[in-house]
Amino acid sequence: MFHLFAVGAQRLAAFLGVLFASVLLAACSPQSPESVAESYIKAVANNRVDEAIGYFALGDVKENDLTAVKGKIQMIVGGQYSKIQESGGLDSVSTSLIDKKDNQARVKAEIKYKNDKIDNQTFNLIQESGKWKIAIKGF
């Protein structure tokens, strides 16, 4: 009886260790401009508005303007979500780095919809507090 409990506890401990290591590696993995653009598109496709807004560089936005800027981004996200839905949903996203210099980057995203239409978007990104974010001016 105790042997079964010990084996179960060992398996649980091993599982939790692997889970913890995976989360830690994901949190510490280097973030790329391409992954930010792709994650943004996937957040939009799943109508995760708050997550999508979080991909934008808002550090330079004045406190008084923050609500208005977030509202505009929310409208853009809503429009993009509607377009994705009208196209049957998101099939795939592929991103490629166009150029990168210092704390700025440009990324091309090829968005394939389930109705086989393809859309291309270019994202301008900047580093804000060490993380890549979509630049508002280039959006």
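Since the structure is predicted, the reported quantities are computational estimates derived from the model, not experimental observations. (Residues numbered from 1 in each chain as written. Predicted model: local features only at pLDDT ≥ 70, side-chain atom pairs only at ≥ 80, totals over all residues. Heavy atoms only, no water.)

### Structural notes on the nonpolar core
Note that soluble globular proteins tend to have their nonpolar side chains buried in a common cluster. Note the threshold: We define the nonpolar core as a collection of buried residues of types Ala, Val, Leu, Ile, Met, Phe, Trp, Tyr and Cys that are connected through side-chain atoms lying within 4.5 Å of one another. A simple rule labels every residue: compare its accessible area, found with a 1.4 Å probe on the protein chains alone, to the largest value its type can have, and call it buried under 20%, exposed over 50%, or partly exposed in between. Put simply, DSSP marks the helices as runs of H or I at least four residues long and the strands as runs of E at least two long, and each gets a number from the N terminus on.
Within the largest apolar cluster, 30 residues are counted, with the highest numbers of intra-cluster contacts made by Y40, I41, L58, F123 and I134. Of all elements in the fold, only α2 (33-45), α3 (49-53), α4 (66-86), β1 (90-101), β2 (104-113), β3 (118-128) and β4 (131-134) reach the threshold of two or more residues within this core. Examining the composition of this core, we find that 7 residues originate from one element, α2, more than from any other.

### Focus on α4
Rule in force here: Every helix has an expected span of 1.5 Å times one less than the residues it contains. When checking whether two residues touch, look at their non-hydrogen atoms; a contact exists if any pair is within 4.5 Å.
Across its 21 residues, α4 extends 30 Å between first and last C-alpha, which sits within 8% of the 30 Å expected from 1.5 Å per residue. Buried residues in α4 make contact with α2, α3, β1, β2 and β3.

### Notes on the packing of α2 against α4
Going by this rule: A fitted line through C-alpha atoms represents every axis, and for helices the fit uses only the stretch in contact; the resulting angles, taken between N-to-C directions, go from 0 to 180 degrees. Reported orientations rely on four angle classes, namely roughly parallel under 35 degrees, roughly antiparallel over 145, roughly perpendicular from 65 to 115, and oblique for the rest. Under the grouping applied here, Gly and all other residues not named as nonpolar or charged are polar, the nonpolar ones being Ala, Val, Leu, Ile, Met, Phe, Trp, Tyr, Cys and Pro and the charged ones Asp, Glu, Lys and Arg.
With their axes 8 Å apart at the nearest point, α2 and α4 run at an angle of 75° to one another. Taken together, α2 and α4 sit at an angle that is classed as roughly perpendicular. Where α2 abuts α4, its residues Y40, V44 and A45 lie against I76, V77, Q80, Y81, I84 and Q85. Looking at the contact of α2 with α4, its residues break down into 7 nonpolar, 2 polar and no charged.

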